[in-house]
Amino acid sequence: MVQVLPRERAREYESIFILHPDSQSDVVDSVAARCQDIITRLQGKLLRAENWGRRRLAYPVKKHQKGIYIYLRYLGYQDVVHELERNFRAIDAIIKFLSVKIDEDVNPEARPVAETDISFVSTFVEEEESAEPVMPPIVDEDSDRDREQAPAPRDEREVVEQKDDGDIKDDDDEQD
Amino acid sequence: MNGTTTGKKPRKPSRRRRVCKFCADKEFGIDYKDPQSIRYFLSDRGKIVPRRISGACAKHQRQLCVAIKRARNIALMPFTAPK
């Protein structure tokens, strides 16, 4: 039995979907309108919409190296994500999508929406080909230090031998 | 033999403990939508860096793991990277 939330409390979700890289702005607009329509039809509330522009994908998706990212944040009930994702699957221009629940229990009145929060026009500059990481990569210093501190493999073996019981040690001695 | 072994070097005391980046700086959030900020916790091959190396605390490592997996799902981060 699925628990139904009272309508005055909503859940907050966000969805990201990737559009075909060659999609024109009219496709973006039609998908945006469809999303807005679904959310409002199901008594949800669109809080934020962003167009991240055409970005390079970390791996090819349906043989595309790039994609147009659209980000949506909305309030809704359990049916809204299901309906949105059903539509994402049906729209050919959408090559990948992800929905995440952010908050379980939100009062819709407490989340005002500004006009400027919802925009499907890309304001992001096209990503440069190789973005340098902000921070330097982690170097495994511990293992380096181990190597420096460990005297030599030979010594290590001696320690192991000393730990063993006498019998094994004796056997080794005989072999020597 | 027992008790007579000499020269057994005691194990060096624990290594310098790295401080969890997220505990040290509360402003530094974990967000799967910002791959640049969590790329630091990914190896060159795209693997998640273990906690003993990155120094992240257990709580933040768990959150980090989820964030990286989400970012991978939506192609913001790679599952693997070529050598």
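For the structure, check the block above.
Since the model is a prediction, treat every value here as computed from it, not as a measurement.

**Student:** Can you lay out the overall build of chain A for me, pointing to particular residues and giving the numbers?
**Tutor:** Check the secondary structure of chain A and you find five helices and four strands. In sequence order, chain A lays out its α and β elements as β-α-β-β-α-β-α-α-α. Across the 176 residues of chain A, 36% fall into the buried class. Contacts spanning at least 24 positions in sequence make up 79% of the contacts within chain A whose residues lie at least 6 apart. Approximately 11000 Å² of chain A is accessible, and the part contributed by carbon and sulfur atoms is 48%.

**Student:** Please provide a residue-by-residue account of the sheet that holds strand 2 (residues 45-61) of chain A, values included.
**Tutor:** Within the open sheet, the four strands sit side by side as 2-3-1-4 (chain A). Their pairing is antiparallel. Each edge of the open sheet carries a strand with a single partner, namely strand 2 and strand 4 (94-106) of chain A. Strand after strand, the sheet turns through a mean of 20 degrees between neighbouring axes, direction not considered. Alignment of strand 1 (residues 10-19) of chain A against strand 3 (residues 64-76) of chain A, held across nine bridges, turns out to be antiparallel. Its bridge partner lying in strand 3 of chain A, A:Ile18 is registered against A:Tyr69. On top of the sheet, helix 4 (residues 58-73) of chain B reaches strand 2 and strand 4 of chain A; it is set at about 145 degrees to strand 4 of chain A, its chief contact.

**Student:** I'd like a description of a positive patch on the surface, backed by residues and values.
**Tutor:** On the surface, B:Lys26, B:Arg51, B:Lys59 and B:Arg62 cluster together to form a positively charged patch. With respect to the secondary-structure elements, B:Lys59 resides in helix 4.

**Student:** Before we move on, could you go through the packing of helix 1 (residues 25-41) of chain A against helix 2 (residues 78-90) of chain A and cite the residues and values that matter?
**Tutor:** Residue and element names in this part refer to chain A. For the pair helix 1 and helix 2, interaxial distance at closest approach is 9 Å and the crossing angle is 155 degrees. Relative to helix 2, the element helix 1 is oriented roughly antiparallel. Classified by chirality, the crossing of helix 2 by helix 1 is right-handed. In contact with Arg34, Cys35, Ile38, Ile39 and Arg41 of helix 1, helix 2 contributes Val80, Glu83, Leu84, Asn87, Phe88 and Ala90.

**Student:** Could you give an account of the environment of A:Asp105, naming the residues involved and the relevant values?
**Tutor:** All names here are of chain A. Its location among the elements puts Asp105 in strand 4. Considering only alpha carbons, one finds Asp105 and Glu12, 93 residues apart in sequence, at a separation of 7.6 Å. Not counting residues within four places of it along the chain, the set of residues in contact with Asp105 comprises Arg9 and Ala10. Polar contacts involving the side chain of Asp105 include one to the side chain of Arg9, which spans 2.9 Å.

**Student:** For unusual backbone geometry, give the residues involved together with the corresponding values.
**Tutor:** Peptide bonds are trans in most cases, and residues, glycine excluded, mostly fall at negative phi. Look at A:Gln43: it is not a glycine, yet its phi comes out positive at around 60 degrees. Tracing the sequence through the fold places A:Gln43 in the loop between helix 1 and strand 2. Phi is positive for B:Ala75, close to 65 degrees, though the residue is something other than glycine. With respect to the helices and strands, the residue B:Ala75 is situated in the segment after helix 4.

**Student:** So what's going on with the packing of aromatic side chains? Residues and values would help.
**Tutor:** This structure, assessed with the given rule, holds nine aromatic pairs over all chains. Relative to B:Phe41, the ring of B:Tyr40 lies with its centre 5.0 Å away and its plane at 90 degrees, an arrangement referred to as edge-to-face. Note on B:Phe41: relative accessible area 1%, which makes it buried. Feature note: the residues B:Phe22, B:Phe28, B:Tyr40 and B:Phe41 constitute an aromatic cluster, connected by ring pairs. One residue, A:Arg55, lies across the ring of A:Tyr69, its end atom 5.5 Å from the ring centre. The residue whose ring lies beneath B:Arg70 is B:Tyr32, and the NZ or CZ to ring-centre distance is 5.7 Å.

**Student:** Hey, could you go over the pairing of strand 1 of chain A for me, with residue numbers and the actual values?
**Tutor:** Every regular strand shows the same layout, with side chains that alternate between the two sheet faces. Residue and element names in this part refer to chain A. Extensive coverage of strand 1 is indicated by the burial of 10 of its 10 residues. Across the two faces of strand 1 the burial is the same, with Ala10, Glu12, Glu14, Ile16 and Ile18 and Arg11, Tyr13, Ser15, Phe17 and Leu19 all buried. With nine bridges connecting them, strand 1 and strand 4 associate as antiparallel partners. Looking at strand 4, one finds that Ser15 is bridged to Ser99.

Rules behind the numbers
Per chain, residues are indexed from 1 in the order of the written sequence. Think of it this way: whatever chain is written first is A, whatever ligand is written first is 1, and the rest follow in order. Per-residue local features are limited, in this predicted model, to residues with pLDDT of at least 70; the limit for side-chain atom pairs, both in listing and counting, is 80 or more; totals at the level of whole chains, interfaces and linings are taken over all residues. Where side-chain values are given, they derive from all heavy atoms of the structure, hydrogens and water being excluded. Elements are defined by DSSP. Helices are runs of H or I of four residues or more, strands are runs of E of two residues or more, and each kind is numbered from the N terminus. When accessible area is computed with a 1.4 Å probe and restricted to protein chains, residues below 20% of their type maximum are described as buried, those above 50% as exposed, and intermediate ones as partly exposed. Note on contacts: a residue pair is in contact if any heavy atoms of the two residues lie within 4.5 Å. Shrake-Rupley sampling with a 1.4 Å probe provides the accessible areas, and residues are treated as covered by the protein chains on show and by no other component. Two strands are said to pair when DSSP picks up at least two bridges between them. Helix axes are fitted to C-alpha atoms over the stretch in contact, other axes to C-alpha atoms as well, and angles between N-to-C directions run from 0 to 180 degrees. Each patch is built from salt-bridge-free residues with over 30% relative accessible area, joining like charges within 9 Å and nonpolar side chains (Val, Leu, Ile, Met, Phe, Trp, Tyr) within 5 Å. The rule for a salt bridge is simple: a side-chain nitrogen of Lys or Arg has to be within 4 Å of a carboxyl oxygen of Asp or Glu. Charged-residue counts in this description rest on Lys and Arg as positive and Asp and Glu as negative, His and the chain ends being excluded. Charge placement uses NZ in Lys and CZ in Arg. For Asp and Glu, CG and CD serve respectively. By the definition adopted for this analysis, an angle is roughly parallel if under 35 degrees, roughly antiparallel if over 145, roughly perpendicular if from 65 to 115, and oblique otherwise. Crossings are sorted by hand: turned counterclockwise from the far helix by less than a right angle, the near helix makes the crossing left-handed, and turned clockwise it makes it right-handed. Whenever two N or O atoms come within 3.5 Å, that pair is a polar contact, provided that in protein one can donate a hydrogen and the other can accept it, and provided that, for residues adjacent in sequence, both atoms are side-chain atoms. Ring geometry is summarised as follows: Phe, Tyr and Trp rings, the Trp one being its six-membered ring, pair when their centres sit within 6.5 Å, and such pairs are stacked at plane angles under 30 degrees, edge-to-face over 60 and tilted between the two. Whether a charge sits over a ring depends on NZ of Lys or CZ of Arg being within 6 Å of the ring centre and within 35 degrees of the ring normal.

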